[in-house]
Number of protein chains: 2
Amino acid sequence: MNIEQSNKDNQLAEIFKTLSEPNRIRILRILDHSDRELTCSEVSEQLNISKSTVSYHFKALRHAGLTNTRQAAQTKYLSINEKTFKEYLPSFLESL
Amino acid sequence: MNIEQSNKDNQLAEIFKTLSEPNRIRILRILDHSDRELTCSEVSEQLNISKSTVSYHFKALRHAGLTNTRQAAQTKYLSINEKTFKEYLPSFLESL
DNA sequence: CTCCTTGTTCGATTGTTATCGAAATACAAA
DNA sequence: TTTGTATTTCGATAACAATCGAACAAGGAG
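A few points on the structure. (Residues numbered from 1 in each chain as written. Chains lettered and ligands numbered in written order. Predicted model: local features only at pLDDT ≥ 70, side-chain atom pairs only at ≥ 80, totals over all residues. Heavy atoms only, no water.)

The next subject is empty space enclosed by the protein. Under the counting rule described, the total for this entry stands at one cavity of 30 Å³ or more. Looking at the largest cavity, its volume works out to about 30 Å³. Around the largest cavity, the lining residues are A:Tyr88, A:Leu89, A:Pro90, A:Ser91, B:Leu89, B:Ser91 and B:Phe92. In terms of residue class, the lining of the largest cavity is made up of five nonpolar, two polar and no charged. (1 Å grid on protein atoms, 1.4 Å probe; cavity = no way out; pocket = protein on both sides within 12 Å on 5 of 7 lines; lining within 4 Å. Points joined across faces, edges and corners; volume = space filled by probe spheres on them. Nonpolar A, V, L, I, M, F, W, Y, C, P; charged D, E, K, R; others polar.)

Taken together, 22 residues lie near DNA strand C, and A:Arg24, A:Thr53, A:His57, B:Ser41 and B:Ser55 sit nearest. Here the atoms of DNA strand C within 4 Å of the protein split so that 76% fall in sugar or phosphate, with bases taking the remainder. A distance of 2.8 Å separates a phosphate oxygen of DNA strand C from a polar side-chain atom of A:Arg24. Here a phosphate oxygen of DNA strand C sits 2.6 Å away from a polar atom, N or O, in the side chain of B:Ser55. Of all the secondary-structure elements, those providing two or more residues to the surface near DNA strand C are helix H2 (22-34) and helix H4 (51-63) of chain A together with helix H3 (40-47), helix H4 (51-63) and strand S3 (75-80) of chain B. Residues that form the surface near DNA strand C fall into these classes: four nonpolar, 12 polar and six charged. (Near = heavy atom within 4 Å. Polar contact = N/O pair within 3.5 Å; in protein donor to acceptor, adjacent residues only side chain to side chain. Helix = DSSP H or I, 4+ residues; strand = E, 2+ residues; numbered from the N terminus.)

Shown next, in the form of structure tokens:
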């Protein structure tokens, strides 16, 4: 097995790891369905998990390139990064 | 969020968790590319990881419904369960 | 029956994850 | 400048995951 292939495997595994948490899938669904950006607090309320936990998930999703963020003052808005999904999981968003 | 949706999320997350390990992706690739069943020992040798670790991964893949097993005497043959991939990750195998 | 091969399970280790509440930070509004 | 809102970081905890080698079990070949 060559090294590029190995790196690709690691990258794909990383994306899967990020998605291996039900709450993250839920975050992506409400992002996708609401068709607008969401904040940490909104998600915290909708999913009934603490803000710090949501912040942690936001960071993970962002780090994996699955979401975009836009900061406005102290508020951070999350949206789906369609590009990554198109490249790695083309059918995922439609299946939500 | 209803309970069925929640269960579906858990199930999908479970599949992602199973795939969040580079070696498991590699196992699936060599399964897919070799176009035949593989054994624990073969994989152990090809990936340079111990048999007990491969056995552990085999079990996980099987448990997630991603592979099928066929037992013949003391040898266990693994193959890809296309059905699960078709249902949950229709583009995955082609991308390997 | 004895030996070899295949695979599983066990015990141990090491590292990672999800979660929370509390404290800290950053900014806006009053 | 004080207060309130949004988010992040910290420290702690509890659970889980990947890995190994050793020991074990099951079956085939000689």
